[in-house]
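# Structural overview
The chain contents come next:
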Amino acid sequence: MSANDKIQIGVIGAGNIGNVHIQEFLQLSDAAVTAVTDVYHPLAIARAEEYNIPNVYTTYQELLQDPSVDAVIVAVSNDAHAPIAIEALQAGKHVLLEKPMAVNAASAKEIVKARQKSGKVLMMSHQMRWESLNMQVKEQIDKGALGSIYNVKTGWMRRKGIPGWGSWFTQMNKSGGGPLIDIGVHMLDLSLHLMGNPKPVSVFGTTYAEFGPKKRGIGTWGKTDWNGFYDVEDLATALIKLDNGSTLSLDVSWAANTDFIDNGPYIYLMGSEGGASLRAGRGTLHTELFDRTADVDLTMDSNDEGPRQRMSRHFLECIREHREPLTSAMSGLTNSLVLEAIYESSRTGQLVTLDWSLD
Ligand SMILES: NC(=O)c1ccc[n+]([C@@H]2O[C@H](COP(=O)([O-])OP(=O)(O)OC[C@H]3O[C@@H](n4cnc5c(N)ncnc54)[C@H](O)[C@@H]3O)[C@@H](O)[C@H]2O)c1
């Protein structure tokens, strides 16, 4: 930390989401973005010039050797999450790690072990937990308003949203998967959080690729590379059983012939005393009153600072107060285990039981 006690942040990966993180941390008075790196060096230089970042490094290893950097944001392609996060922890840095934690559960376990050894903060970047409507629903759940939540339906069915066709996003060896690992991980993470973190036990799922291989369903995020290839799924569907007897069904697509809930994220929570739904930018609580169904719409403050600001502040608070982040390393591993089990179930056609051992 510097003399004026700001937490000094280094950004590893200056692409789309790295840029978003820089903008969020620049708004927080107790942090300073002091270093940046990207394998595509001109991009790192451009970000440094745009945001007045004093140190630009050619490699992430050089950035990690800078003793003035307290914490790093890892915002690179999925295959590089685990090696960089582990080296950063070993170098004594706190880590804000983009989702998904890793391309497979084995690498996620290695990150968990490295974090335990280092004693540093490792926080997963799941901003949806910090959205106002989602937080309001969580508050009601914590007060017991929904009773026991026994069934949840969640998903994100994009109609035409394949990101960066041919780039790392659509190459299995670099991404670890398609929409399941890209956007499904957000919905899984948020659902388990709202359900009170029951432990996933077993999974049955199937994945499909009907659009990507035909170069259809292409969206606007990321850069298309026609010299690249597409070998990931474009739709996944799964049923997850939790250790408290509850069930979670998950449906995601990057591309599909559907117009399901405005092609956006959704969660329907069904509890013994009440329910809640979050979809199409709306949040509603459901119950039964006077022998009739009754719904209460949730409202949002028009001056809301936004989920990413709250998430970034939480990261800084966890560093200062030596706290476990809400989106901890274990929550990242839980998501990775479920995602991997869905892929395995699709391959084998069998129900898959999760392997929680850390070895
Ligand atoms: N939380 C969210 O809402 C959200 C949104 C988008 C992306 N993401 C995640 O963020 C990550 C990056 O996604 P993106 O859309 O910004 O991709 P991107 O391709 O725009 O940016 C990734 C950057 O990382 C750089 N890079 C790759 N390997 C590197 C290395 N070893 N060292 C330094 N730089 C390296 C690339 O050159 C590129 O500039 C992915 O894991 C993605 O899943 C999260």
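Residues numbered from 1 in each chain as written. Predicted model: local features only at pLDDT ≥ 70, side-chain atom pairs only at ≥ 80, totals over all residues. Heavy atoms only, no water.

## Considering the sheet that holds strand β15 (residues 352-353)
- A sheet is described by the order of its strands in space; here nine strands give the open sequence β14-β13-β12-β11-β7-β10-β9-β8-β15, paired in mixed fashion. At either margin of the open sheet sits one strand with a lone partner, and together these are β14 (292-297) and β15.
- Pairing analysis gives seven bridges linking strand β7 (residues 149-157) to strand β10 (residues 247-253), with the strands arranged parallel. Across the sheet, the residue bridging to K153 is S249, located in β10.
- Packed onto the sheet, helix α8 (residues 179-194) meets β7, β8 (200-208), β9 (235-242), β10, β11 (265-271) and β12 (275-279) and runs at close to 150 degrees relative to β10. (Pairing = 2+ DSSP bridges. Helix = DSSP H or I, 4+ residues; strand = E, 2+ residues; numbered from the N terminus. Contact = heavy atoms within 4.5 Å. Axes fitted to C-alpha atoms, helices over the stretch in contact; angles between N-to-C directions.)

## Regarding the pattern of salt bridges
- The full count for this structure, using the stated rule, is 14 salt bridges.
- A salt bridge links K138 to D142; the shortest N-O distance between them is 3.1 Å. Taken as a pair, K138 and D142 lie in helix α6 (residues 132-142) at a separation of four residues, close to a single helical turn.
- By relative accessible area, which is 55% here, D142 ends up exposed.
- Connected through shared salt-bridge partners, D5, D30 and R320 make up one network. (Salt bridge = Lys/Arg side-chain N within 4 Å of Asp/Glu carboxyl O. Buried < 20%, exposed > 50% of the residue type's maximum accessible area, 1.4 Å probe, protein only.)

## As for the site of the ligand
- Near the ligand lie 23 residues; those nearest to it are I17, D38, N78, H81 and Q127.
- Take I17: an N or O atom from its main chain is 2.9 Å from an oxygen atom of the ligand.
- Calculation on the ligand without its partners gives an accessible area of 850 Å², and the protein chains cover 85% of this total.
- Of all elements in the fold, only α1 (16-26) and α4 (81-90) reach the threshold of two or more residues within the shell around the ligand. (Near = heavy atom within 4 Å. Polar contact = N/O pair within 3.5 Å; in protein donor to acceptor, adjacent residues only side chain to side chain. Areas by Shrake-Rupley, 256 points an atom, 1.4 Å probe, with all protein chains shown as cover.)

Everything listed here is a matter of geometry and, on its own, says nothing about what the molecule does.
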